[in-house]
Amino acid sequence: MKILIVEDEPKTGDYLRKGLVEAGFVADLARDGLDGLHLALNGDYDLIVLDVMLPSMDGWDVLQTVRQSGLTTPVIFLTARDRVEDKVRGLELGADDYLVKPFAFSEFLARVRTLLRRGKSQDPQTLRAADLEMDLLRRRVSRANVRVDLTAKEFALLELLLRRQGQVLPRSLIASQVWDMNFDSDTNVIDVAVRRLRAKVDEPFDPKLIRTVRGMGYVLEVPEHP
Ligand code: CA
């Protein structure tokens with residue numbers, strides 16, 4: 001079993017690697033986000049241990065890029081911050097577990113073993129938010145088990161919103177990702193498409209998932225207090 005540790009704090013990184021090797025694992029250590037991302041994408045790991053605060057690219061971005069590339073390797077987040085919103089964000093981005101520093105090595109090892117047993121449990125073919133489901137393989141969307149028909153652009157727009165759940169997406173980003181165009185503030189093509197999408201996947205249902213953030217863009221998230 002091969003484990004990647006991405007941790008910039010030398011003491012913690014060395015300590016974790018040493019501990020994992022003594023426990024019988026093969027363990028590599030990356031000391032910044034970009035190195036970690038490169039290794040994660042190319043190293044064929046069974047598990048990734050990922051610190052949140054990292055130089056060159058933070059753990060959120062590493063995880064997001066890893067998941068967007070379709071890799072389902074289990075990820076444990078390590079962080080000094082114990083704020084619940086960090087935990088939620090990590091899990092939404094596709095982390096499988098979360099440990100707040102400082103932690104006991106025995107606790108860490110137990111989580112590692114649990115995740116390795118569980119293996120690649122995520123289904124990369126389905127994106128979900130509340131009762132909204134997108135089947136990427138069959139190109140189907142349903143809400144509360146009701147099939148929703150979308151145009152190709154609406155599908156692409158919803159896929160982007162679902163993959164970046166909880167992040168406010170500026171119109172310029174939506175324009176470049178979905179329409180492959182530079183954003184021109186005179187055009188309302190994005191607002192029109194979002195309105196149509198909402199009419200199909202949000203308006204007949206509860207809770208409302210797609211939110212306009214005035215002056216910034218759009219976000220898809222499951223409301224905490226619907
Ligand atoms: Ca750090």
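Everything discussed here concerns the structure shown above.
It should be emphasised that the depicted structure is a prediction, and the values quoted were computed from it without experimental measurement.

1. Side note on the packing of aromatic side chains
Reasoning step 1: What the rule picks out here adds up to five aromatic pairs.
Reasoning step 2: Consider the rings of Trp-60 and Phe-77, whose centres lie 5.1 Å apart with planes at 65 degrees: the pair is edge-to-face. Note that Trp-60 is positioned in helix 3 (residues 59-68) and Phe-77 in strand 4 (residues 75-79), a separation of 17 residues in sequence. We note that Trp-60, like Phe-77, is buried.
Reasoning step 3: In this structure an aromatic cluster arises from ring pairing among Tyr-15, Phe-103, Phe-105 and Phe-108.
Reasoning step 4: Above the ring of Tyr-45, the side-chain terminus of Lys-2 is found at 4.8 Å from the ring centroid.

2. Some words on unusual backbone geometry
Only a minority of non-glycine residues have a phi that is not negative, and only a minority of peptide bonds are not trans.
Reasoning step 1: Following Lys-101, the chain continues into Pro-102 via a peptide bond in cis, with omega recorded as -5 degrees.
Reasoning step 2: Looking at the element boundaries, Pro-102 is found in the loop between strand 5 (97-100) and helix 5 (105-118).
Reasoning step 3: The amide bond that connects Asp-206 to the next residue, Pro-207, takes the cis arrangement and shows omega of -5 degrees.
Reasoning step 4: Within the secondary structure, Pro-207 is located in the loop between helix 8 (189-201) and strand 11 (210-213).
Reasoning step 5: One non-glycine residue with positive phi stands out, namely Ala-144, at about 50 degrees.
Reasoning step 6: Relative to the elements of secondary structure, Ala-144 occurs in the loop between strand 8 (140-143) and strand 9 (146-148).
Reasoning step 7: Residue Asn-145 is not a glycine yet carries a positive backbone phi of 65 degrees.
Reasoning step 8: Looking at Asn-145, the relative accessible area reads 74%, which means it is exposed.

Cut-offs applied
Residues numbered from 1 in each chain as written. Predicted model: local features only at pLDDT ≥ 70, side-chain atom pairs only at ≥ 80, totals over all residues. Heavy atoms only, no water. Phe/Tyr/Trp six-rings, centres within 6.5 Å; stacked < 30°, edge-to-face > 60°. Helix = DSSP H or I, 4+ residues; strand = E, 2+ residues; numbered from the N terminus. Buried < 20%, exposed > 50% of the residue type's maximum accessible area, 1.4 Å probe, protein only. Lys NZ or Arg CZ within 6 Å of the ring centre and 35° of its normal.

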